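Spelled out from the first residue to the last, the chains are:
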Amino acid sequence: MSNLNQSLGEFIIENQNEFKYSSGELSRLINSIRLAAKMVNHKVNKAGLVDIVGKAGDTNIQGEDQQKLDVYANDVFVNGLVNREIVCGIASEEEDDFLSIKGRKGKNENKYVVLIDPLDGSSNIDVNVSVGTIFSIYHRISEVGTPVQLEDFLQPGNKQVAAGYIVYGTSTIFVYTTGHGVNGFTLNPAIGTYYLSHPNITFPDKGNIYSVNEGNYVHFPQGVKDYIKYCQKEEEDRPYTSRYIGSMVSDFHRNMLKGGIYFYPQTSQSPNGKLRLLYECNPLAFIAEQAGGKASDGFGRILDIKPTELHQRVPFFSGVKSMVEKAEEFMAHYT
Ligand SMILES: O=P(O)(O)OC[C@H]1O[C@](O)(COP(=O)(O)O)[C@@H](O)[C@@H]1O
Ligand SMILES: [Mg+2]
Ligand SMILES: [Mg+2]
């Protein structure tokens, strides 16, 4: 039973019996992410007034300049999870390697690892455009109580026990799944509580929005170029509308609610594209499939990819099922 006045905290507790390993641990974990996101939201909302905009001065392992808000958000989520002793390991876009959490008694009996993109859409932080956070949760595969291993993080996306994102936009929304559908909760800033605003989100069967950085057009493979031309052609229900925010989480969210496809393909310079499999593509692919959409690397299911590296990149096509299938058709022309 879900009702629109239900808070996220209540919803989590009420639905925890759906979890395969239900012990309340996953509920506490999602609650920790919920709380940390409120702190980041608070900072984002006053970016420009406080010293949180601009570069932090370091680069992350991917060679990207870290923004101050990237570092702040990373600290808030990592400290929130570590202090609550709620996970045994964390991997983050802003951490070179995974973190093995020892726990105050030197032994950590927790079962879950978290992979996180603390701040998604970093190029939009300083210009008041919506940004987000993306998270993915797995049950560890190495022995509980021993230090986590790389293998605990390199699990295929189809092993996720939960995934979600927060969009810090016109309003702030927390969207997640535990494999039983997708629900969205909007933050009431006056009360500081998220309330169920989007129950059982599903992609429309048809869509008319395409989201891609067309500035890379000349570097795209022919299949992508052909698909973009298909989207722009005056025929049937086309041309589609082009919308591109440049924050993956916001483009994905809009297209899930309104019907569209977001894609970040490979280019001649980046044969694996830009987006990271473990903490960007896998969590959104889990949400997409749970909402009746699809997520592909242009040829196959994102969730079936066996990861090999913590920060590996993959081409990403996600959205309305029929639109992603059409894009795959064009990609298949050139294999
Ligand atoms: O500027 P580009 O090349 O279009 O890339 C934009 C994409 O890069 C990202 O900003 C990458 O994520 P981060 O901001 O977390 O590094 C996506 O959110 C976005 O869709
Ligand atoms: Mg990102
Ligand atoms: Mg990021």
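Conventions and cut-offs
Residues numbered from 1 in each chain as written. Chains lettered and ligands numbered in written order. Predicted model: local features only at pLDDT ≥ 70, side-chain atom pairs only at ≥ 80, totals over all residues. Heavy atoms only, no water. Donors = N, O, S within 2.8 Å, 3.2 Å for Na, K, Ca; no water. Buried < 20%, exposed > 50% of the residue type's maximum accessible area, 1.4 Å probe, protein only. Pairing = 2+ DSSP bridges. Helix = DSSP H or I, 4+ residues; strand = E, 2+ residues; numbered from the N terminus. Contact = heavy atoms within 4.5 Å. Axes fitted to C-alpha atoms, helices over the stretch in contact; angles between N-to-C directions. Domains from an automatic or database assignment. Buried area = accessible area lost by both parts, 1.4 Å probe. Salt bridge = Lys/Arg side-chain N within 4 Å of Asp/Glu carboxyl O. UniProt positions renumbered as here; feature names shortened; annotations may be inferred.

Caption draft 1: Just the coordination of the magnesium ion (ligand 3), in detail. Listed as protein donors to the magnesium ion (ligand 3) are Glu 93 (OE), Asp 117 (OD) and Leu 119 (O); their distances from the metal cover 2.0 to 2.2 Å. One chain supplies every donor for the magnesium ion (ligand 3), spaced along it as E-x23-D-x1-L. Taken as a pair, the magnesium ion (ligand 3) and the magnesium ion (ligand 2) show a spacing of 3.6 Å, with Asp 117 coordinating each metal. Here the two residues Asp 117 and Leu 119 agree in accessibility, since each one is buried.

Caption draft 2: Main features of the sheet that holds strand S7 (residues 162–168). Reading across the sheet, the eight strands line up as S4-S3-S5-S6-S7-S8-S9-S10 and stay open at both edges, with mixed pairing between neighbours. Each edge of the sheet is formed by a strand with only one pairing partner; in this case those strands are strand S4 (99–100) and strand S10 (193–198). With seven bridges joining them, strand S5 (residues 112–120) and strand S6 (residues 131–139) adopt antiparallel strand pairing. In the strand pairing of S6, Asp 120 is matched with Gly 132. Against the sheet, helix H5 (residues 248–258) engages S5, S6, S7, strand S8 (172–177), strand S9 (182–188) and S10, with an angle of about 100 degrees to S7.

Caption draft 3: Quick look at the sheet that holds strand S11 (residues 209–211). Spatially, S12-S11-S13-S15-S14 is the arrangement adopted by the five strands of the open sheet, whose pairing is mixed. Each edge of the sheet is formed by a strand with only one pairing partner; in this case those strands are strand S12 (241–242) and strand S14 (294–296). Note: S11 against S12, two bridges, orientation parallel. Bridging across to S12, Tyr 210 finds its partner in Ser 242.

Caption draft 4: Molecular detail of the domain arrangement of the protein. Segmenting the protein into domains produces domain 1 (8–198) and domain 2 (209–332). For domain 1 and domain 2, the distance between their C-alpha centres works out to 23 Å. Between domain 1 and domain 2, a total of about 2,800 Å² is buried, with carbon and sulfur atoms accounting for 62% of that surface. Our enumeration of links across domain 1 and domain 2 arrives at two salt bridges. Close ionic contact of Arg 276 with Glu 64 constitutes a salt bridge, the shortest N to O distance being 3.3 Å.

Caption draft 5: Layout of the coordination of the magnesium ion (ligand 2). The protein atoms donating to the magnesium ion (ligand 2) are Asp 117 (OD), Asp 120 (OD) and Glu 280 (OE), with metal-donor distances spanning 1.8 to 2.0 Å. Each donor residue of the magnesium ion (ligand 2) belongs to the same chain, and together they define the spacing D-x2-D-x159-E.

Caption draft 6: Spatial organisation of the UniProt feature "binding site: Mg(2+) 2" (unreviewed entry) in the protein. With numbering aligned to this structure, UniProt lists the feature "binding site: Mg(2+) 2" (unreviewed entry) at Asp 117, Asp 120 and Glu 280. A maximum C-alpha distance of 8.5 Å places the annotated residues, which cover 164 residues in sequence, within one compact spot. Tracing the backbone shows Asp 117 in strand S5. With relative accessibility at 0%, the residue Asp 117 sits in the buried group. In this structure Asp 120 comes out as buried when scored by relative accessible area, which is 5%. Beyond its immediate stretch of four places on either side in the chain, Asp 120 contacts Val 131, Gly 132, Thr 133, Ile 134, Ser 247, Met 248, Val 249 and Glu 280.

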